[in-house]
Amino acid sequence: MQRWVIHVDMDAFYAAVEQRDHPELAGKPVIVGGLGSRGVVSTASYEAREFGVQSAMPMAEARRRCPRGIFLAGDHARYSEVSARIMTVLSGVSPLIEPLALDEAFLDVGGMEQLYPDIYQLAAEIKQRVRQTVGLVASVGAAENKFLAKLASDLKKPDGLVVIAPGKASGVLASMPVSRLWGVGAATNGILRELGITTIGELARFDLALLIQHCGNIAQQLHALANGRDDRLVIAERPPQSIGKELTFAVDLTGPDRLRAELLALAEKVGWRLRCSGYSGRTITVKIRYGSFRTITRSCTLAQSTNFDETIYQTACTIFDKCSHTEGIRLLGITVSSLQSGDQLTLFDEGDKRRALYNTVDRLKARFGEAIITKAQLLR
Ligand code: TTP
Ligand code: MG
């Protein structure tokens, strides 16, 4: 069976999220990073890259190169949320997904030939699903292994789609500098240069025994990569144990209405996180820390797993009502555990209607941020 690995990497990820959420920034040089005197650039939109602005560059240098740039501190919670959404879309393509960073992942798609006429169409479908769901552009590379797939996703950025067909790697690699290989830093680069090796093609043809003499342990790996060989497997991420959220209040809270409103806000956040990451769970746990710092956790396990805000909220209220209310409360938390992949299963029509409602709500949240829509009770 042909091995196929796909690598997905979002274009100018942080900057693209900012441009998507603030349409007035579209087409402009947007630079996200530390705005303090010693800040560095996290990323720059492709418009800003034309001015020579790059990741990891001191912000002061970026301002010199691009005085008309729009400089933003960024919103990391938001990027994580968008990332979770992207990973869920990718998990829908193949359960064998290995996220590498917020904006990139490997997918093992070997054996999916029956579902797609060819690998190019599968890669195109992934780009389209990501664009439809989160409104952002991904570059995608497909090849017979991880190394080549990652290289491929980078070849035609932005908005790239490159397939390196089996056996065609040497043509792509030949003239690339050896620094493109994993494991080649400044030191190894120096050694290779002394051996007269600057391109991957030269390294691929170099005598392995001689290379081991000069580079030691890493030689074999480098030689294999230079020849387009990479045996590493795509390792699927293990599902999380639980998903939750807790909140410490500025002053200790009392009064059932106020505390129930906090539970509702927490339930809404936890439900959204579950749905974003494609899980539902059966065990709901409420954590209470009283003003005296005494802390208790109480759980309840449902017959069916859920990721619906209301079910989480109602269960949390039932648990909460059974707890002591003689002191003010300093912290409240809700956690959902006993997780399983996928949606709440339900045999009733009611579940389908609610699912449809959540799909609409979640599309709005994914597109415009978590705060765009909330329960009327929470609008105070
Ligand atoms: P990258 O995928 O390396 O960069 P990018 O998505 O911004 O641009 P492209 O892939 O189109 O070249 O990194 C993903 C995000 O990680 C990036 O948007 C910001 C963050 N990041 C940093 O915070 N510091 C860094 O030095 C780098 C490289 C990335
Ligand atoms: Mg990227």
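The following refers to the structure shown. Along every chain, residues carry numbers that run from 1 in the direction the sequence is written. The naming scheme follows written order: chains are lettered A onward, ligands numbered 1 onward. Given that the model is predicted, a residue must reach a pLDDT of at least 70 before its local features are reported, and side-chain atom pairs must reach 80 or more before they are shown or counted; all residues, however, enter totals for whole chains, interfaces and linings. For side-chain calculations, the full set of non-hydrogen atoms in the structure is used, while hydrogens and water are omitted.

### Observations concerning the sheet that holds strand β5 (residues 97–101)
For sheets, the rule is that strands pair by backbone hydrogen bonds, running either parallel or antiparallel. Keep this limit in mind: A pair of strands is treated as paired once DSSP finds two or more bridges between them. Only DSSP runs of H or I with at least four residues qualify as helices, and only runs of E with at least two residues qualify as strands; both kinds are numbered from the N terminus onward. Between N-to-C directions, angles span 0 to 180 degrees; the directions come from axes that are lines fitted to C-alpha atoms, helices contributing only their stretch in contact.
Strand order in the open sheet formed by five strands is β5-β6-β1-β7-β8, and the pairing between neighbours is mixed. Strands at the two margins of the open sheet, each flanked by one partner only, are β5 and β8 (161–163). Pairs of neighbouring strands in the sheet enclose a mean axial angle of 15°, with direction left out of account.

### Notes on unusual backbone geometry
Short version of the rule: Buried means the residue's accessible area, taken with a 1.4 Å probe over protein chains only, is under 20% of the maximum for its type, while exposed means over 50%, and partly exposed covers the values in between.
Look at the link from Lys157 to Pro158: it is a cis peptide, with omega at -10°. Locating Pro158 in the fold gives a position in the loop between α6 (146–155) and β8. Even without glycine at this site, Asp159 takes up a positive phi of about 60°. Within the element layout of this structure, Asp159 appears in the loop between α6 and β8. Look at Asp159 and you get partly exposed, because its relative accessible area is 40%. Within the chain, Ser338 stands out as a residue other than glycine whose phi angle is a positive 50°. Position of Ser338 among the secondary structure elements: in strand β12 (residues 329–341).

### Topic: helix α4 (residues 76–93)
Stated formally: A helix's residues, less one, multiplied by 1.5 Å, set its expected span.
The first and last C-alpha atoms of α4 sit 26 Å apart over 18 residues, in line with the 26 Å expected at 1.5 Å per residue. For α4, every residue scored as buried is listed here: Arg78, Tyr79, Glu81, Val82, Ser83, Arg85, Ile86, Met87, Val89, Leu90 and Val93.

### Some thoughts on the nonpolar core
So the rule is basically this: Buried Ala, Val, Leu, Ile, Met, Phe, Trp, Tyr and Cys residues that are joined via side-chain atoms within 4.5 Å together make up what is termed a nonpolar core. Any two residues whose heavy atoms approach within 4.5 Å are treated as being in contact.
Formed by 37 residues in total, the largest nonpolar core has its most connected members in Ile6, Phe13, Leu90 and Ile126. Of all the secondary-structure elements, those providing two or more residues to this core are β1 (5–10), α1 (13–21), β2 (30–33), α4, β6 (104–108), α5 (119–134) and β7 (138–143). Residue contributions to this core peak at seven residues, all from α4. Setting aside anything within four residues of it in sequence, one finds Phe13 in contact with Tyr79, Val82, Ser83, Ile86, Leu102, Asp103 and Leu136. Membership of the second largest hydrophobic core comes to 31 residues, among which are Tyr290, Cys317, Phe320 and Cys323.

### Some remarks on the pairing of β6
Most of β6 is tucked away, with five of its five residues classed as buried. Neither face of β6 is open: one carries Glu104, Phe106 and Asp108, the other Ala105 and Leu107, and all of them are buried. Sheet topology note: the β1/β6 ladder contains five bridges and is antiparallel. Along β6, the bridge assignment pairs His7 with Phe106. Taken together, the four bridges between β5 and β6 define a ladder with antiparallel strand orientation. In the sheet register, Ala101 faces β6, and the bridge partner there is Glu104. Taking the residues between adjacent antiparallel strands as the criterion, β5 and β6 are bridged by two residues.

### So, the side chain of Gln19
Convention followed: Between N or O atoms, a polar contact is any pair within 3.5 Å; within protein, one atom must be a potential hydrogen donor and the other a potential acceptor, and residues adjacent in sequence are included only when both atoms are from side chains.
Considering the arrangement of structural elements, one finds Gln19 in helix α1. A polar contact of 3.5 Å, which involves the side chain of Gln19, links it to the side chain of Glu47. When near neighbours in sequence (up to four residues on either side) are disregarded, Gln19 contacts Leu25, Ala26, Gly27, Lys28, Val30, Ser45 and Glu47.

### A short note on the site of ligand 1
For clarity, the cut-off: A molecule or strand has a residue near it when one of that residue's heavy atoms lies within 4 Å. In short, Shrake-Rupley with a 1.4 Å probe defines the accessible areas, and a residue's cover is counted only from the protein chains shown. Throughout this entry, Asp, Glu, Lys and Arg are counted as charged residues, while Ala, Val, Leu, Ile, Met, Phe, Trp, Tyr, Cys and Pro are counted as nonpolar. The remaining residues, Gly among them, count as polar.
As a structural note, the neighbourhood of ligand 1 is formed by 13 residues, with Ala12, Thr43, Tyr46, Arg49 and Asp103 the closest of them. Take Asp9: an N or O atom from its side chain is 3.0 Å from an oxygen atom of ligand 1. Within the backbone of Tyr14, an N or O atom sits 3.0 Å from an oxygen atom of ligand 1. Relative to its unbound accessible area of 550 Å², ligand 1 is 69% covered by the protein chains. Listing elements by their share of the shell around ligand 1, those giving two or more residues are β1, α1, β3 (41–44) and α2 (46–49). Across the shell around ligand 1, the residue classes tally to five nonpolar, three polar and five charged.

### Overview of the packing of aromatic side chains
Here is the rule: Think of it this way: a Phe, Tyr or Trp ring, Trp meaning its six-membered ring, pairs with another when their centres are within 6.5 Å, and the plane angle makes it stacked under 30 degrees, edge-to-face over 60, tilted otherwise. Here, a charge over a ring means that NZ of Lys or CZ of Arg falls within 6 Å of the ring centre while also lying within 35 degrees of the ring normal.
Applying the stated criterion to the full structure yields five aromatic pairs. Ring centres 4.2 Å apart and planes at 15° place the aromatic pair Tyr14 and Tyr79 in the stacked group. In this pair, Tyr14 is assigned in helix α1 and Tyr79 in helix α4, connecting sequence segments 65 residues apart. Neither Tyr14 nor Tyr79 differs from the other in exposure class; each is buried. Note on Phe147 and Trp182: the rings are 6.1 Å apart at their centroids and 75° apart in plane angle, and the pair reads as edge-to-face. Here the residue Phe147 occupies a position in helix α6, and Trp182 occupies one in the loop between α7 (169–173) and α8 (186–194), the gap between them amounting to 35 residues. The buried category is assigned to Phe147, whose relative accessible area is 1%. A relative accessible area of 26% places Trp182 in the partly exposed class. One residue, Arg49, lies across the ring of Tyr46, its end atom 4.1 Å from the ring centre. The ring of Phe71 carries the charged tip of Arg63 above its face, separated from the ring centre by 4.3 Å.

None of the figures reported here should be taken as evidence of function without further support.
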